[in-house]
Amino acid sequence: MPELPEVETIRRGLQRLEGTTLADVDVRERRLRRRIDVAALQALCGRRIARLGRRAKYLLFEAERGGGMIVHLGMSGRLFLVAPGSPPQPHEHVSWWFERDGESVELRFQDPRRFGLVAARRHGSVSDHPLFAGLGPEPFDAAFSPGYAYRATRGSRRPVKNALMDARFVAGVGNIYASEALWRAAINPKTRAGRISRRRWQRLLEAVVEVLQDAIAEGGTTLNDFRSATGDPGYFQIALRAYDREGASCARCGGTIRRIVQVGRSTYYCPGCQV
DNA sequence: CGTAGACCCTGCGCGC
DNA sequence: TGCGCGCAGGGTCTAC
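Residues numbered from 1 in each chain as written. Chains lettered and ligands numbered in written order. Predicted model: local features only at pLDDT ≥ 70, side-chain atom pairs only at ≥ 80, totals over all residues. Heavy atoms only, no water.

Colleague: Can you help me understand the pattern of salt bridges in this one?
Modeller: Should their charged atoms come close, side chains of opposite charge can pair. Summed over the entire model, instances satisfying the criterion amount to 15 salt bridges. For Arg-65, the salt bridge identified is with Glu-64, shortest N-O distance 3.8 Å. For Glu-64, a relative accessible area of 29% gives the class partly exposed. It is possible to trace a salt-bridge network through shared partners that takes in Glu-8, Arg-11, Arg-12, Arg-54, Arg-55 and Glu-138. (Salt bridge = Lys/Arg side-chain N within 4 Å of Asp/Glu carboxyl O. Buried < 20%, exposed > 50% of the residue type's maximum accessible area, 1.4 Å probe, protein only.)

Right under this line is the structure:
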């Protein structure tokens, strides 16, 4: 479920935790993508949360005076606040309690497939975590420019879809939005990245930014099982023009949307107008 | 070096 | 109705 717009929507919903103090943590299942370091998490208890941040699809809980937590939702992760006293449901692997003025809220992490990640850092900047070494620019960052994309892909023979999905090239563009951005820019996903002109890169980068921003404005769209941090299901849904529309007609040219597989992931595009 | 493929894990929908 | 199969929004590691 979580692509970058969902993670950003959750981050905004969790900003109410800024200024609270992490009081307690309970880990019921350590085996995620990486084993949870429970001692490192517990060492953060008593610390005040200064800021909720995001890097790619990672949520950052930055503590005052350094250190903090990193949460990634993987494919099936959810992060939400629960009513006091509600018993843990299956796959709800971690709980955190945050306090302010004697009031306590519980945040829960649920992840059936366990591709998610929860990590802690005792000192220093959370964004210096080794997880982020080698990550490319954020899609909304000025460093993600047509000139950068053009230079970074000279000589590359891989399909442009693969480049969009490569976190070293650009961080946080997932499978849905890679297809959607290519549709908006009318670029065939199989086009070799090294053969895309500077002008077309500009169009593609604008499409990436626009589709992500549209999705965030819609409240973190994508598929219909999304819940925000406060449990609101109501948002739905950005108009997907290509993704999951195999056999449907293209909204631009009336052609038929096709599904192909690239790097083991489904890609959807219109052979009629994406050239 | 760049790239493709396997793999981690559970749940769901579909066809038989 | 029940079962097996393929597929799913992510990221990392290995082998070529």
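Colleague: Mind showing me how you'd approach the protein's contact with DNA strand B here?
Modeller: Taken together, His-91, Pro-112, Arg-113, Arg-114, Phe-115, Ser-156, Arg-157, Arg-158 and Asn-162 form the complete shell of residues around DNA strand B. When atoms of DNA strand B within 4 Å of the protein are split into backbone and base, the sugar-phosphate part holds 61%. Taking Arg-113, its side chain carries an N or O atom lying 2.8 Å from a base oxygen of DNA strand B. Within the contact set of DNA strand B, a phosphate oxygen lies 3.1 Å away from a backbone nitrogen or oxygen of Arg-158. Tallied by class, the residues present in the surface near DNA strand B amount to 2 nonpolar, 3 polar and 4 charged. (Near = heavy atom within 4 Å. Polar contact = N/O pair within 3.5 Å; in protein donor to acceptor, adjacent residues only side chain to side chain. Nonpolar A, V, L, I, M, F, W, Y, C, P; charged D, E, K, R; others polar.)

Colleague: How should I be thinking about the domain arrangement of chain A in this particular structure?
Modeller: Interface size is commonly expressed as the accessible surface area that is lost when the partners come together. Each assigned domain of chain A is listed here: domain 1 (4-132) and domain 2 (146-269). Computed from C-alpha atoms alone, the centre-to-centre distance between domain 1 and domain 2 is 28 Å. Contacts between the two partners involve 17 residues from domain 1, matched on the other side by 18 residues from domain 2. Taking both partners together, domain 1 and domain 2 bury about 1,400 Å²; carbon and sulfur atoms supply 67% of that area. It is Pro-5, Glu-6 and Thr-9 that lose the most area in domain 1 upon contact with domain 2, and together they represent 37% of the buried surface on that side. Taken together, the connections running from domain 1 to domain 2 amount to 0 salt bridges. Connecting domain 1 to domain 2 are 1 residue pair in polar contact (both at pLDDT 80 or more). (Domains from an automatic or database assignment. Contact = heavy atoms within 4.5 Å. Buried area = accessible area lost by both parts, 1.4 Å probe.)

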